[in-house]
Structure formats: C-alpha cells, structure tokens
Amino acid sequence: MRYDKDNHPLHIITQKIRRGKGHDRIFSKNLFYNISLEEYKHLLGCLNAREKHFTGGETVCSYDQAFHSIGILGKGSALVVRYEINGARTILERLEPQDIFGQLLSAYQKNPLNGISVVCDEPCDVLFINYDGISRPCAKACTYHQQLIQNMLTLISEKAVDLSERVEVLSQRTIREKLICFFLQMAGRQKSESFTLPFTMVDLADYLSIDRSAMTRELKRMKEEGLIEINRRNIRLHIEAAV
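Nothing here was measured: the structure is a model prediction, and the numbers come from that model.

Draft legend 1. Expanded view of the overall build of the protein. For the protein, the count of helices and strands is eight helices and 13 strands. Restricting the contact set of the protein to residue pairs at least 6 apart, pairs at least 24 apart contribute 67%. Accessible surface computed for the protein: about 13,100 Å², of which carbon and sulfur atoms make up 50%.

Draft legend 2. Just unusual backbone geometry, in detail. You will see that Asn48, though not glycine, has its phi angle at about 55 degrees, which is positive. Tracing the backbone shows Asn48 in the loop between helix 2 (37–46) and strand 3 (50–54). A positive phi angle, close to 55 degrees, is found at Ser209, a residue other than glycine. As for its placement among the helices and strands, Ser209 is situated in the loop between helix 6 (201–208) and helix 7 (212–224).

Draft legend 3. Summary view of the pairing of strand 6 (residues 78–83). Taken across its six residues, strand 6 has five buried, putting it largely inside the fold. As defined by bridge partners, strand 6 adjoins strand 7 (residues 89–95) across six bridges and the pair is classed as antiparallel. Bridge pairing in strand 7 links Tyr83 to Arg89. Once strand 6 ends, the chain turns through five residues before running back antiparallel as strand 7, passing Gly87 with a positive phi of about 95 degrees. As paired elements, strand 6 and strand 9 (residues 116–120) share five bridges and run antiparallel to each other. Bridging across to strand 9, Arg82 finds its partner in Ile116.

Draft legend 4. Region of interest: the packing of aromatic side chains. Considering all chains together, one arrives at seven aromatic pairs under this definition. Of the aromatic side chains, those joined through ring pairs into one cluster are Phe182, Phe183, Phe195, Phe199 and Tyr207. Just above the ring of Tyr207 sits the side chain of Arg166; from NZ or CZ to the centre is 4.5 Å.

Draft legend 5. Summary view of the sheet that holds strand 7. Spatially, 4-9-6-7 is the arrangement adopted by the four strands of the open sheet, whose pairing is antiparallel. Of all strands in the sheet, those with a lone pairing partner are strand 4 (59–62) and strand 7, marking the two edges. Averaged over all pairs of adjacent strands, the angle between their axes in this sheet comes to 25 degrees, without regard to strand direction. Examined bridge by bridge, strand 4 and strand 9 share three bridges and lie antiparallel to one another. Bridge pairing in strand 9 places Thr59 opposite Val119. Of the strands in this sheet, strand 6 and strand 7 are in contact with helix 6, which crosses strand 7 at around 105 degrees.

Draft legend 6. Structural context of the environment of Gln65. Mapped onto the elements, Gln65 comes out in the loop between strand 4 and strand 5 (69–75). The class for Gln65 is exposed, based on a relative accessible area of 60%.

Draft legend 7. Focus on the nonpolar core. Leu179, Phe182, Phe183, Phe195, Leu204 and Leu208 are the most contacted members of the largest nonpolar core, which has 27 residues in total. At the level of elements, strand 6, helix 5 (175–190), helix 6, helix 7 and strand 13 (234–237) are the ones that each hand at least two residues to this core. The element that contributes the greatest number of residues to this core is helix 5, accounting for seven residues. Other than its neighbours up to four places away in sequence, Leu179 contacts Leu204, Leu208, Met215, Glu218, Leu219 and Met222.

Draft legend 8. Quick look at the sheet that holds strand 10 (residues 124–130). One open sheet holds the four strands; their spatial order is 3-10-5-8, and the pairing between them is antiparallel. At either margin of the open sheet sits one strand with a lone partner, and together these are strand 3 and strand 8 (100–101). Relative to strand 10, strand 3 is paired through five bridges, and the arrangement is antiparallel. Each residue of the ladder has a partner; that of Arg50, found in strand 10, is Phe128.

Draft legend 9. Main features of the pattern of salt bridges. Counted according to the given criterion, the structure contains twelve salt bridges. The salt bridge partner of Lys41 is Glu38, with a shortest N-O separation of 3.2 Å. With Lys41 and Glu38 both in helix 2 and three residues apart, this pair spans about one turn of that helix. Classification of Lys41 as buried rests on a relative accessible area of 15%. For Glu38, a relative accessible area of 47% corresponds to the partly exposed category. For Glu165, the salt bridge identified is with Arg189, shortest N-O distance 2.5 Å. Here Arg189 lies in helix 5 and Glu165 lies in helix 4 (residues 143–170), a separation of 24 residues in the sequence. Its relative accessible area of 23% is what places Glu165 among the partly exposed residues. The exposure class assigned to Arg189 is partly exposed, which follows from its relative accessible area of 46%. One network of salt bridges, with partners in common, ties together Arg89, Asp203, Asp206 and Arg212.

Reading the values: the criteria
Residues numbered from 1 in each chain as written. Predicted model: local features only at pLDDT ≥ 70, side-chain atom pairs only at ≥ 80, totals over all residues. Heavy atoms only, no water. Helix = DSSP H or I, 4+ residues; strand = E, 2+ residues; numbered from the N terminus. Contact = heavy atoms within 4.5 Å. Areas by Shrake-Rupley, 256 points an atom, 1.4 Å probe, with all protein chains shown as cover. Buried < 20%, exposed > 50% of the residue type's maximum accessible area, 1.4 Å probe, protein only. Pairing = 2+ DSSP bridges. Phe/Tyr/Trp six-rings, centres within 6.5 Å; stacked < 30°, edge-to-face > 60°. Lys NZ or Arg CZ within 6 Å of the ring centre and 35° of its normal. Axes fitted to C-alpha atoms, helices over the stretch in contact; angles between N-to-C directions. Core = buried A, V, L, I, M, F, W, Y, C linked by side-chain atoms within 4.5 Å. Salt bridge = Lys/Arg side-chain N within 4 Å of Asp/Glu carboxyl O.

Written as structure tokens, this is what we have:
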C-alpha cells in the first residue's frame, strides 16, 4: 500500500488523477471524486480512516456483526456473498477497485439472519471510514466535505441502478432467459457484442442463483444454436439471434 510522508494511504485516490486548477484532482467516479490530494488527507483524519490488507479468500466483514463502517476497495477484487441456511452461496455483488460497500449501504441490511459477508477474491487493500463522519459534516463545514456527501449520494444512486438490473435478471423464468438478460446487460455496459465476464463460470451460476451443471448444459446448447460464442470468460453475443 502506498503512503505519503505523513503516513496517509494514497492508493485509493492516486490510481486515476490529473492536474487541474493548481492541484491534483481526482476524475474517477468514486467517493473522493473532485477532491484534491490535500483535501483527501484532511478528510482521512475527519473520517477516522484506517486501512487493512486482506489475503485471497479472507472475509473482510460480515453484515450481521454490527459492521457500521464504509469500506473502499483500493486494490484487488471481492465478492458480496450470502450463505443460505443449507450452505448454498449466492453472489450479490462483485467489487472492483474504487467500489464502496457496507451494511448501511446494503439493500439487505434489515434481516440480521441474512448471513451476508464481503469475501476477497484475491489479495485486497481496504480503507475503512466511519459512516457518521460522512453523514454529519465537521464543524468547519468544509466545501470538500459537502462534495464528499454529494459523491456518496451519487454512488448510492448507482447502486440502486445495479440492484434494479439484478432484479431484472433474477425475475426471468428460465436459465436461458437469465443468461441472455445478463449478457445483454454486459454488452450494453461495454457497448459491444463481445465482452469479458466479471465472474468465473462457477461464480456466474452463484450470481444468477441457478444450478451450475444446468447452466453449463444451457450454455452449450446456446453455443450450438449460434446464439453465443464462448472462449473461457470471453463471450460474444449474437444479439439479433438472442432476442
């Protein structure tokens, strides 16, 4: 993890920065969007920020254990998963660098028995900040703290859109309909009939809440019918044939 001379973690905001109006400004869409490097350093103290490294497969947090912080993924990837009573796993969300997570941002927080956890898919660096530090501006009423609140509202709106897309996929009746709906969403995001899946095939089945063997058979049939081309995680969807 990268630090400045004052021991502030920098990787969260320095992945994508550019020069502007006399100081560095972040232009990637994240919690610290449009906040300078110096403003970011001040916010770390205001938000009681602390960082931690996790290994692949390690649990970052569990939402049923009074986790009231917000996590920001600085490096690596992670999965928000729910473990059912019968041991089955459902993937609710995939987290990439700059993504935020936390019980207070989750649509599943009301049921304490949900068994929702954030698990590292690979080694990860995570910055934790207090939610109250964002929702309750400091006494100085800093303009960049207001920017932070605005960024949080934007990210919450984006999460709502992601949730509606997931509901659309899960509302499909058949395995094929779920796969095509998800592939169409991926093609739309990447603006191409060819795209790379964010999941392994095993994880894709858990994300779509379908049987893995049944999904594999359906993908094989779709390939034979000329609906898709598959090369590991690379998919080409023949949209005219699929819809």
